[in-house]
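# Remarks on the overall topology
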Amino acid sequence: MDAGAEIDELRAQLAARDSDLAARDSDLAARDSDLALRDAHIARLEKQLDRALEQLGRVAELEAELANLRELLGRDSSNSNKPPSSDPPGTGAKAPKKKKKGRRRGGQRGHDGSHRELLPPERMDAFEDYFPCECARCHASLPQIPHPGAKRYQHTDLDRDGVFRTEHRRHRVACPSCGHETWAKYDPNKIPRYPFGPGLMAAVVLLTGVYHLSRRRAVRLLWELLGVRMSVGAVSRIEKRMSDLVAPTVDEAVEHARAAEIKHADGTSWYRAGVMVSLWVLATAAVTVFKVLPDGQGETLREKLFIKVCGVLVSDRATALKFWAMKRRQICWAHLLRKFVSFSQRDGPAGRIGEELLGYTSIVFDYWSSFREGRLSRAELIARMAPVRLHVEALLERAVAKDIKGLSGSCEDILEHREALWTFVERAGVEPTNNHAERELRAFVLWRRRSFGSQSERGDRFAERMMTIAHTLRKQGRSVLDFLVACCTPRPEGEPAPSLLAAS
Ligand SMILES: [Zn+2]
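Described below are features of the structure shown in this document. (Residues numbered from 1 in each chain as written. Predicted model: local features only at pLDDT ≥ 70, side-chain atom pairs only at ≥ 80, totals over all residues.)

### Details of helix α6 (residues 333–344)
Note the following rule: Put simply, DSSP H or I for four residues or longer makes a helix, DSSP E for two residues or longer makes a strand, and each gets a number counted from the N terminus. To estimate how far a helix should extend, the number of its residues minus one is multiplied by 1.5 Å. Counting other C-beta atoms within 10 Å of each residue's C-beta, where C-beta atoms are placed from the backbone, gives the exposure class: buried for 20 or more, exposed for 12 or fewer, partly exposed between.
Relative to the 16 Å expected for 12 residues at 1.5 Å per residue, α6 spans 16 Å between its end C-alpha atoms, a close match to the ideal helical length. W333, L336, K339, F340, V341, F343 and S344 are the residues of α6 that are buried.

Structure representation (structure tokens):
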């Protein structure tokens, strides 16, 4: 087959695909505007719900803290003026039982922490018992006699062998000499502060932050698959804790991307509580980092995404990126190709210019793939591309001079980027397309379509951090779950946090 026919064939395929895409795009646009209305409403409701859940969780935490403090003071309703309702769990035996309508004492649905509903002993895999050493009153040493009213703390964790539950029991022992009852002390080094271990925390954020299940679905999945009961509020708090824990790790990756010699960038819209903001990806050979920004304007990108202008930036012709020196940029030829296809579909001179530009574009890609496959050396690539460059730029100049509506302006803009069209020819490691960044951004866009974005700034941070971790580790062939477990497993003092750069 001769080259001309091959190019024609390619063009026909491109044109068909393009009109397909255009139809799908307009379809999506219509659906998007429908959804926008519904988004705003759902966003309001979700926000209210999240706030309520957060407050419930906070109340439970405060109650637990209060109970612990009271206990430290050794006071409850039996030896102070505190009302019985203020007693920590487990001291209620002497308090008169109030009839409650159908509600159990302790954790109700929606609570966790110290107020979680305790599981029966047969559901536990292990028990840890704690006894007081000596009588708090007369210092006599005490026998280790288990107490039926021991304070129980249940801890659930998960690894690849399954769920593992441990019950920690603090006993009180009556002194054989003086009769005083002494509680075993609460030791935070032995009894975990949180009811869920690192493996379970990592699994939860993997479900919501990486696989993008809603919190409610994640709760249902944990229950159906593992028999683990967790409230939506607990999921929210785990997300927050994990988000804080991985912040330094993610910051390190962001710094790495900013300093990289070659980086791909792309942006799209994102919604926070129904308001449109901007989502950007910065991808290098080693890491992929995401940032939700208030808008996609040049100044914002400069101050919050890039910080410093360094290295070669591969991107489309977004005007917001004009602050980056042209000779240190590469404009995406896949974008140009789509533009030229749209020209070629027009009648008259516009169509002819489009055809001609498409012809050169196929030559550009042809030489590039020959180079990539080792059939052309760098020197040969440079030599062959030189006349193509002259032809393309001359053609663009002719197109500008013709003053054709909807074409000359675009060609003028492309010419403004003329220095940035050919960086890949000479610069090792630079590619002629931005497919890398676009691919990375697509997963996030799919999430946005399903979740309508985030509900808060905290949600944005969680989303961008989890996606940064997941995309970077996948690129490096590392396990996301193992990494998250390592991030939330307590480390000895001075040991550094796990790094996303470790493999690079
Ligand atoms: Zn005693």
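### What about the pairing of strand β6 (residues 262–272)?
The cut-off we apply is this: Only strands joined by at least two bridges in the DSSP assignment are considered to pair.
By the criterion of burial, β6 is predominantly enclosed, with 8 of the 11 residues buried. Where β6 meets strand β9 (residues 312–315), 3 bridges bridge the pair, whose relative direction is parallel. Each residue of the ladder has a partner; that of H264, found in β9, is V314. In terms of strand pairing, β6 meets strand β7 (residues 275–283) through 9 bridges, oriented antiparallel. The partner of H264 across the bridge, within β7, is A283. Linking β6 to β7, which pair antiparallel, is a turn of 2 residues; within it A273 sits at a positive phi near 50 degrees.

### Let's talk about unusual backbone geometry
Positive phi, close to 65 degrees, is recorded for H139, a residue that is not glycine. Mapped onto the secondary structure, H139 falls in the loop between β1 (126–130) and β2 (151–159). By the C-beta count within 10 Å, which is 12 here, H139 ends up exposed. Of note in this structure, H212 is not a glycine but carries a positive phi near 65 degrees. Relative to the elements of secondary structure, H212 occurs in the loop between α2 (198–210) and α3 (215–226).

### Looking at the sheet that holds strand β8 (residues 288–293)
Note the threshold: Axis definition: a line fitted to C-alpha atoms, limited for helices to the stretch in contact. Angles are taken between N-to-C directions and run from 0 to 180 degrees. This entry defines residue contacts through backbone-placed C-beta atoms, with two residues in contact when those atoms are within 7 Å.
Strand order in the open sheet formed by 5 strands is β8-β7-β6-β9-β10, with mixed pairing between adjacent strands. Every interior strand has two partners, whereas the edge strands, β8 and β10 (329–331), have only one. In this sheet, adjacent strand axes meet at a mean angle of 25 degrees when their direction is disregarded. Packing against the sheet, helix α12 (residues 457–476) makes contact with β6 and β8, and its axis sits at approximately 165 degrees to β8.

### What about the nonpolar core?
Definition in use: Remark: nonpolar core denotes a set of buried Ala, Val, Leu, Ile, Met, Phe, Trp, Tyr and Cys residues whose joining runs through C-beta atoms within 7 Å.
If you look at the biggest cluster of nonpolar residues, it comprises 86 residues, and the most contacted ones within it are M201, V205, I469 and L484. Looking at this core element by element, the count peaks at 9 residues for helix α4 (residues 232–259). Apart from the residues lying within four places of it in its own chain, the contact partners of M201 are F196, I238, M242 and C488.

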